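# Observations on the three-dimensional arrangement
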Amino acid sequence: DAGVTQSPTHLIKTRGQQVTLRCSPKSGHDTVSWYQQALGQGPQFIFQYYEEEERQRGNFPDRFSGHQFPNYSSELNVNALLLGDSALYLCASSLRASGLAKNIQYFGAGTRLSVL
Amino acid sequence: GQQLNQSPQSMFIQEGEDVSMNCTSSSIFNTWLWYKQDPGEGPVLLIALYKAGELTSNGRLTAQFGITRKDSFLNISASIPSDVGIYFCAGPETYSGAGSYQLTFGKGTKLSVIP
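What this report covers is the structure whose coordinates are included nearby.

Conventions adopted
Residues numbered from 1 in each chain as written. Chains lettered and ligands numbered in written order. Predicted model: local features only at pLDDT ≥ 70, side-chain atom pairs only at ≥ 80, totals over all residues. Heavy atoms only, no water. Helix = DSSP H or I, 4+ residues; strand = E, 2+ residues; numbered from the N terminus. Rg over C-alpha atoms; globule rule 2.2 N^0.38 Å. Buried < 20%, exposed > 50% of the residue type's maximum accessible area, 1.4 Å probe, protein only. Contact = heavy atoms within 4.5 Å. Areas by Shrake-Rupley, 256 points an atom, 1.4 Å probe, with all protein chains shown as cover. Lys, Arg positive; Asp, Glu negative; His and termini not counted. Charge placed at Lys NZ, Arg CZ, Asp CG, Glu CD. Pairing = 2+ DSSP bridges. Axes fitted to C-alpha atoms, helices over the stretch in contact; angles between N-to-C directions. Salt bridge = Lys/Arg side-chain N within 4 Å of Asp/Glu carboxyl O. Polar contact = N/O pair within 3.5 Å; in protein donor to acceptor, adjacent residues only side chain to side chain.

### Looking at the overall build of chain B
- Per the secondary structure count, chain B includes 0 helices and 11 strands.
- For chain B, whose C-alpha radius of gyration is 14 Å, the value lies close to the compact-globule estimate of 13 Å for 115 residues.
- On the principal axes, the C-alpha backbone points of chain B span a range of 50 × 30 × 20 Å.
- For chain B, the proportion of its 115 residues judged to be buried stands at 47%.
- Contacts spanning at least 24 positions in sequence make up 54% of the contacts within chain B whose residues lie at least 6 apart.
- Surface summary for chain B: the accessible area is close to 5,300 Å², and the carbon and sulfur share equals 51%.
- Averaged over its 7 positive side-chain charges, chain B has a centre that lies 8 Å from the centre of its 9 negative ones.

### So, the sheet that holds strand S6 (residues 55–58) of chain B
Residue and element names in this part refer to chain B.
- The antiparallel open sheet is built from 5 strands, whose spatial order is S1-S3-S8-S7-S6. Every interior strand has two partners, whereas the edge strands, strand S1 (4–7) and S6, have only one. When strand polarity is set aside, the average angle formed by the axes of neighbouring strands in this sheet is 15°.

### Focus on the interface of chain A and chain B
- Listed by partner, the interface residues are 24 residues for chain A and 24 residues for chain B.
- Counting the contacts that link chain A with chain B gives 0 salt bridges.
- The tally of links from chain A across to chain B stands at 4 residue pairs in polar contact (both at pLDDT 80 or more).
- Residue assignment for the side of chain A that touches chain B shows that the elements contributing at least two residues are strand S4 (31–37), strand S5 (44–50), strand S6 (53–57) and strand S9 (87–94) of chain A.

See the structure below:
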């Protein structure tokens, strides 16, 4: 049973460029959440996708956008990259369900983005 | 948004010692999650807590959901070198829509084990 997979593992970009990160959720999961983790910090919620729509969004600018495909995989796009966008980007998947079980999110290994 | 405060920020312990760390919130949570993150990896779920006062174990790890619902504790007994890593507490932000909840994380407790 494959867990959450993310690609690429590492990425180097320059300021002003655009980047696309990809995520395949754990088998059987239908909800994908994206987090940004700066060095020495806990993950910060960016947004969440379910049924191919953005359902929740954290405090991130519109430069951060996403997409979910019919097979539940997801992309995170960041436009006009800034130096401060350098971070580990984590994808987490979960299964929409009733009760407290929906609070369990399983994480991928992340994509390390460096902006020069 | 909600904030989670973890303490201590870091700790150095001798192999075989017990470890205690905690997490406090400015608001009530109905679920507490404890994750561990190794270098270059994503967080891995260790323990999930669903009820105030609940005490749950996972091997040498034991976590408790505080009675006030504003705190949680994680204990590791008889530490070993592979316990090294960063431990995060997390809780869901309330959301009434479809899908699962977004998670708020603490800043983590970095654990170092001296052989």
